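Now for the letters of each chain:
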Amino acid sequence: MEKEITTVDQVLPNRLLLIALNGRPIFPGIFTPLMVNTAEDLNVIERAYESDGLIGLVLQNTEVANPEVADLHKIGCVARIMKKVNLPDGGVNVFISTIKRFKIKRVLSRQNPMSAAVEYIEDLWEDPVKIKAYARTLLSEMKESAENNPLFSEEMRLNMVNIDNPGKIADFIASVLNLEKEEQQKILEEADVLKRIYSVLIFVKREQELLHIQKKIQNELNERIEKSQREHFLREELDAIKNELNIPTDAKNRDYEKFKEKIEALNFTGEIKETLDDELDKFALLEPSSPEYTVSRNYLDLVASLPWRDNTVANFSLTKAKKTLENDHYGMEDVKKRIFEYLSVRKMKNDNKGAIILLVGPPGVGKTSVGKSIARAMNKPFFRFSVGGLTDADELKGHRRTYIGALPGKILQGLKITKSRSPVFMIDEVDKMGHGGNRGDPASVLLEILDPEQNSAFRDYYLDLPFDLSDVLFILTANTLDNVLEPLLDRAEIINLSGYVDQEKVQIAKKYLVPKSLKKNGLQKNQVVYSSKILLEIANFYARESGVRNMEACLDKIHRKYTTELLENVDFKTVEAKDGKMLIDSVSDEETRNLLLKEKELTDEDLKKYLGKPPFSDDDIKKADVAGTAIGLAWTSMGGDTMIIESVAMQSSPGKGGLQLTGQLGDVMKESAMIAKNWISAHFLKKGKITPRWLETHSIHLHVPEGATPKDGPSAGITMATALYSLITGKKIRPNLAMTGELSLTGQVLPIGGLKEKTVAAKRNKIRKIIIPKANMRDLEKIPENVKKGLTFYPVSRMEEVLEIAFGKAK
């Protein structure tokens, strides 16, 4: 028989880089993946891939972590790297095509990267006719084994039949047989094809014998299962007898009867009934010691616990609902009005149909408390969970029951906890949820959960049965809409919650925060007295933010320190708190009681004593008190804010003039700066106040401070243009003036968003006059009067009007 022909692209080198195999050897003529994880092997793969793509694969003869050439067998297989795929964990999946046996002749590098001079081994064909006969016998025996072994796929059978080289047939069969690695290594080291086929034939006969024994065992198991089924029916009859005689049954039977009774009471039909009947039958056959028993029991427990038939219509009073909203929240008239409108529609229709409400606003403005109030107003159970940073879709839709420790998703967990089919679900931080990834796309799953067209037959992976979510009221929260999917915005009714002005913070503190904090820190009502002036100072100098979280933290800090002061003078040898009671209720001594109940009215000195030096001062308020500066209003996910625009002009070489921008500006803001510069240049050129020569010989640097914070958006357009006008003319803008508006290249002032948040920020920063686009007058009407109080608004439609107002020509 002819020798195997080596093609031109398989001319093999005399030196090879080596990779140690610690599992099983790899035979020639195989196309297979190879996982590479160690840094040393990765280095070998990279070097080989960049050169001729050839590597030597050799089985280890000892179990060591960092093998050297001395730890390897002498015979291996050369392989060509066909494809390389980088894995997320840093490893590499390499697809290789093995070519030929080789023998290590001389070691070139003992340690990683290992390399050696090799000699390639040719197959020996001493008796071709006998080899052919043995090969046919081997194929015949292997076909019989493959038919009785389900592990042999159709593709493996076809590959085996289509190989025309007897040596390669033996190699292929040896690679798929379940042999010890040392047995496979011996076959790899055998160059004589006849001896190789004979060795493989012996192993195939051994495999047939094992299959015969396995089949015998399988038949015995089937007989046992039939016996187990008979025992099951007998046990059912025994349980019936025990029930008649009032004899207690075991825990498993009690569970079975409980689940069966609950499921039958739900009167399921169709797919749900068939699936649950099968699951009950399987549960009855399982032994309590079986791992499947716990899986099946947990599944049936979930099914029996879900509110499948909860058809109660929420019975709530609109008067009480309105009172609840008023008592729970100060201000927020627009928010409470829209929520009350929703409740009115639900009352008129007298149904439980759910809805999707999206509450948008900066942290600490009361989004979560609004959701709780809606649930209380509607007499519905409330369940909250956060999806901020969530990257695993199974957290929402459940894990498949094939996994150990699988759980249903958050939605079904919430339904099981609330025991209602129409609860209020609050899903926090939807703008911070992951999109896509190795574990699915949670954002897309949330869309399915919230889609009224799909959620009436929602399928959790764990339950794997349709469940109706159409009666659930979903309340979502977000700090900004920028990262929320557009289809989700289409499905939701969006309600904006703006930040609070200082006067609102004072009222919120008096009505809610102070009583809550006093109780939290073990103090009595009115034991610490706050004047409006003190609360205003806390809001101004310690909690200058959109929400009230920092203000609440300041109150907690004051009350903790005051509580500590009171207890420093108590003799605990004579005073001991009783279980379940506050300390004050356990004290009978009048002097000690008076000490613990001592009241305190807070002063400015107390603020510094308890809260320390104020983090904010009037000096922190932004002022445009030099030429080339102007104050703008911005909107961020944390609420409104003021920002100062600074500009300077520097003389440069002719033709080197231009605009330099700093402050981490986004693309849209950079475009706004270019528009502002070009409009101002055209404006001055037209009036003859500057020459083209001036523009060519001056470079303008425009900067927005707080450079570590990214900034973007078009609403600073007129502010940038005003700063540049101030720079060129040397005039300062009017004090306490801020502005917001997009500037077009023709000088039009275009509308912006977030006017209420920007107005709140302006008032917080002592701004008294605000320039806004005329097109935003409709938004100005929606802002509450207490927010607008003390502010003067200048609606404009042209940049020329902005300049007149900013530089003193308007009243």
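## A short note on the overall build of the protein
For the protein, the helix and strand inventory stands at 28 helices and 24 strands. By the burial criterion, 46% of the 811 residues in the protein qualify as buried. For the protein, contacts bridging at least 24 residues in sequence account for 74% of all contacts bridging at least 6.

## With respect to a positive patch on the surface
A cluster of basic residues, K686, K687, K689 and K731, forms a positive patch on the protein surface. Mapped onto the secondary structure, K687 falls in helix 22 (residues 667-687).

## Quick notes on the nonpolar core
Buried together is how nonpolar side chains tend to be arranged in soluble globular proteins. Core analysis: the biggest nonpolar cluster contains 56 residues, and W308, L415, V430, L463, F474 and L476 have the highest contact counts within it. Apart from residues no more than four positions distant in its own chain, V430 is found in contact with L358, V387, L446, L476, T477, A478 and V484.

## Regarding the packing of aromatic side chains
Under the counting rule described, the total for this entry stands at 12 aromatic pairs. A ring pair is formed by F383 and F385, whose centres lie 5.9 Å apart and whose planes are at 45°; its orientation type is tilted. F385 shares its class with F383; the two are buried. In textbook terms, an aromatic cluster arises when at least three aromatic residues are bridged by ring pairs, as seen for F383, F385, F425 and F474. The side chain of K84 reaches across the aromatic face of Y49, ending 5.3 Å from its centre.

## Observations concerning the packing of helix 10 (residues 318-328) against helix 12 (residues 367-377)
Two numbers describe how helix 10 lies on helix 12: the axes approach to 9 Å, and their chain directions differ by 155°. Classed by the angle they form, the pair helix 10 and helix 12 counts as roughly antiparallel. Classified by chirality, the crossing of helix 12 by helix 10 is right-handed. Across the interface between the two elements, A321, T324, L325 and D328 of helix 10 pack against S373, R376 and A377 of helix 12.

## Some thoughts on a negative patch on the surface
A grouping of E236, E237, E257, E261, E264, E274, D278 and D281 is seen on the molecular surface, where their side chains present a negatively charged patch. Taken together, the elements giving at least two residues each to the negative patch come down to helix 6 (193-244), helix 7 (251-265) and helix 8 (270-285). Residue D281 is classed as partly exposed on the basis of its relative accessible area, which comes to 45%.

## Overview of helix 14 (residues 410-418)
Among all positions in helix 14, only I411, L412, G414, L415 and T418 are buried. One face of helix 14 carries all of its buried residues, which in axial projection span an arc of 155°. In the stretch just after helix 14, K419 is the one whose phi turns positive, near 55°.

## A few points about the sheet that holds strand 13 (residues 493-496)
Reading across from one edge, 8-9-12-7-13 is the order of the 5 strands in this open sheet, with parallel pairing throughout. Each edge of the sheet is formed by a strand with only one pairing partner; in this case those strands are strand 8 (382-386) and strand 13. This sheet shows a mean twist of 20° between the axes of neighbouring strands, independent of strand direction. Summarising the sheet, strand 7 (residues 356-360) and strand 13 pair through 4 bridges and their orientation is parallel.

## Quick notes on the pattern of salt bridges
In this structure the tally under the stated criterion is 33 salt bridges. Among the salt bridges present, the one from D171 reaches R196, with a minimum N-O distance of 3.4 Å. Taken together, the positions of D171 in helix 4 (residues 166-176) and R196 in helix 6 put the pair 25 residues apart, joining distant regions of the chain. Here D171 matches R196 in class, with each residue buried. R401 is the salt-bridge partner of E279, the closest N and O atoms lying 3.6 Å from each other. Taken together, the residues span a long stretch of sequence, with E279 in helix 8 and R401 in the loop between helix 13 (394-397) and helix 14 at a distance of 122 residues. Its relative accessible area of 7% is what places E279 among the buried residues. Given a relative accessible area of 27%, R401 falls into the partly exposed group. The network of salt bridges with shared partners includes R101, D123, D171 and R196.

## Some thoughts on helix 15 (residues 442-450)
Burial analysis of helix 15 places 8 of its 9 residues in the buried class, the great majority of the element. For helix 15, the complete set of buried residues consists of P442, A443, V445, L446, L447, E448, I449 and L450. Two or three places before A443, at the start of helix 15, stands the capping residue D441, its side-chain oxygen 3.2 Å from that residue's backbone nitrogen.

## Topic: the confidence of the model for the protein
Averaged over every residue, the pLDDT of the protein is 83; the share at 70 or more is 89%. Contacts from residues 1-9, a stretch scored under 50 in pLDDT, to residues over four places away or in other chains number 8 contacts.

## Looking at the pairing of strand 2 (residues 31-36)
Here strand 2 shows one buried face, formed by T32, L34 and V36, and one open face, formed by F31, P33 and M35. Where strand 2 meets strand 5 (residues 92-109), 6 bridges bridge the pair, whose relative direction is antiparallel. Looking across to strand 5, one finds that V36 is bridged to V92.

## What to know about unusual backbone geometry
You will see that N267, though not glycine, has its phi angle at about 55°, which is positive. On the secondary structure map, N267 appears in the loop between helix 7 and helix 8. With a relative accessible area of 59%, N267 lands in the exposed category. One non-glycine residue, N736, lies in positive phi territory at about 60°. Inspection of the secondary structure assignment puts N736 in the loop between helix 24 (717-729) and strand 20 (737-739).

## Overview of the packing of helix 17 (residues 502-520) against helix 18 (residues 532-541)
The packing of two helices is summarised by the inter-axis angle and the distance between the axes. Between helix 17 and helix 18, the shortest axis-to-axis distance is 9 Å and the interhelical angle comes to 110°. Classed by the angle they form, the pair helix 17 and helix 18 counts as roughly perpendicular. Between helix 17 and helix 18 the crossing geometry is right-handed. Contacts between helix 17 and helix 18 involve D502, K505, V506, A509, K510 and V514 from the former and S532, L535, L536, A539 and N540 from the latter. Across the contact of helix 17 with helix 18, the residue classes tally to 6 nonpolar, 2 polar and 3 charged.

## Some thoughts on the side chain of Q208
Within the secondary structure, Q208 is located in helix 6. For Q208, the residues in contact, after removing those within four places along its chain, are E141, E144 and S145.

## Looking at the side chain of K788
Tracing the chain through its elements places K788 in helix 27 (residues 785-788). Overall, K788 belongs to the buried group, its relative accessible area being 16%. Ignoring any residue separated from it by four or fewer positions in sequence, one finds K788 in contact with L780, E781, I783 and F793.

## Comments concerning the environment of F102
Looking at where F102 falls in the secondary structure, it is placed in strand 5. Residue F102 is classed as buried on the basis of its relative accessible area, which comes to 0%. Separated by 27 residues in the primary sequence, F102 and I75 place their C-alpha atoms 5.8 Å from one another.

The rules behind each value
- Residues numbered from 1 in each chain as written.
- Predicted model: local features only at pLDDT ≥ 70, side-chain atom pairs only at ≥ 80, totals over all residues.
- Heavy atoms only, no water.
- Helix = DSSP H or I, 4+ residues; strand = E, 2+ residues; numbered from the N terminus.
- Buried < 20%, exposed > 50% of the residue type's maximum accessible area, 1.4 Å probe, protein only.
- Contact = heavy atoms within 4.5 Å.
- Patch = residues over 30% accessible without salt bridge, like charges linked within 9 Å, V, L, I, M, F, W, Y side chains within 5 Å.
- Areas by Shrake-Rupley, 256 points an atom, 1.4 Å probe, with all protein chains shown as cover.
- Salt bridge = Lys/Arg side-chain N within 4 Å of Asp/Glu carboxyl O.
- Lys, Arg positive; Asp, Glu negative; His and termini not counted.
- Charge placed at Lys NZ, Arg CZ, Asp CG, Glu CD.
- Core = buried A, V, L, I, M, F, W, Y, C linked by side-chain atoms within 4.5 Å.
- Phe/Tyr/Trp six-rings, centres within 6.5 Å; stacked < 30°, edge-to-face > 60°.
- Lys NZ or Arg CZ within 6 Å of the ring centre and 35° of its normal.
- Axes fitted to C-alpha atoms, helices over the stretch in contact; angles between N-to-C directions.
- Parallel < 35°, antiparallel > 145°, perpendicular 65-115°, else oblique.
- Left-handed = near helix turned anticlockwise from the far one by under 90°.
- Arc of directions from axis to C-beta.
- Pairing = 2+ DSSP bridges.
- Polar contact = N/O pair within 3.5 Å; in protein donor to acceptor, adjacent residues only side chain to side chain.
- pLDDT = per-residue confidence, 0-100.
- Nonpolar A, V, L, I, M, F, W, Y, C, P; charged D, E, K, R; others polar.

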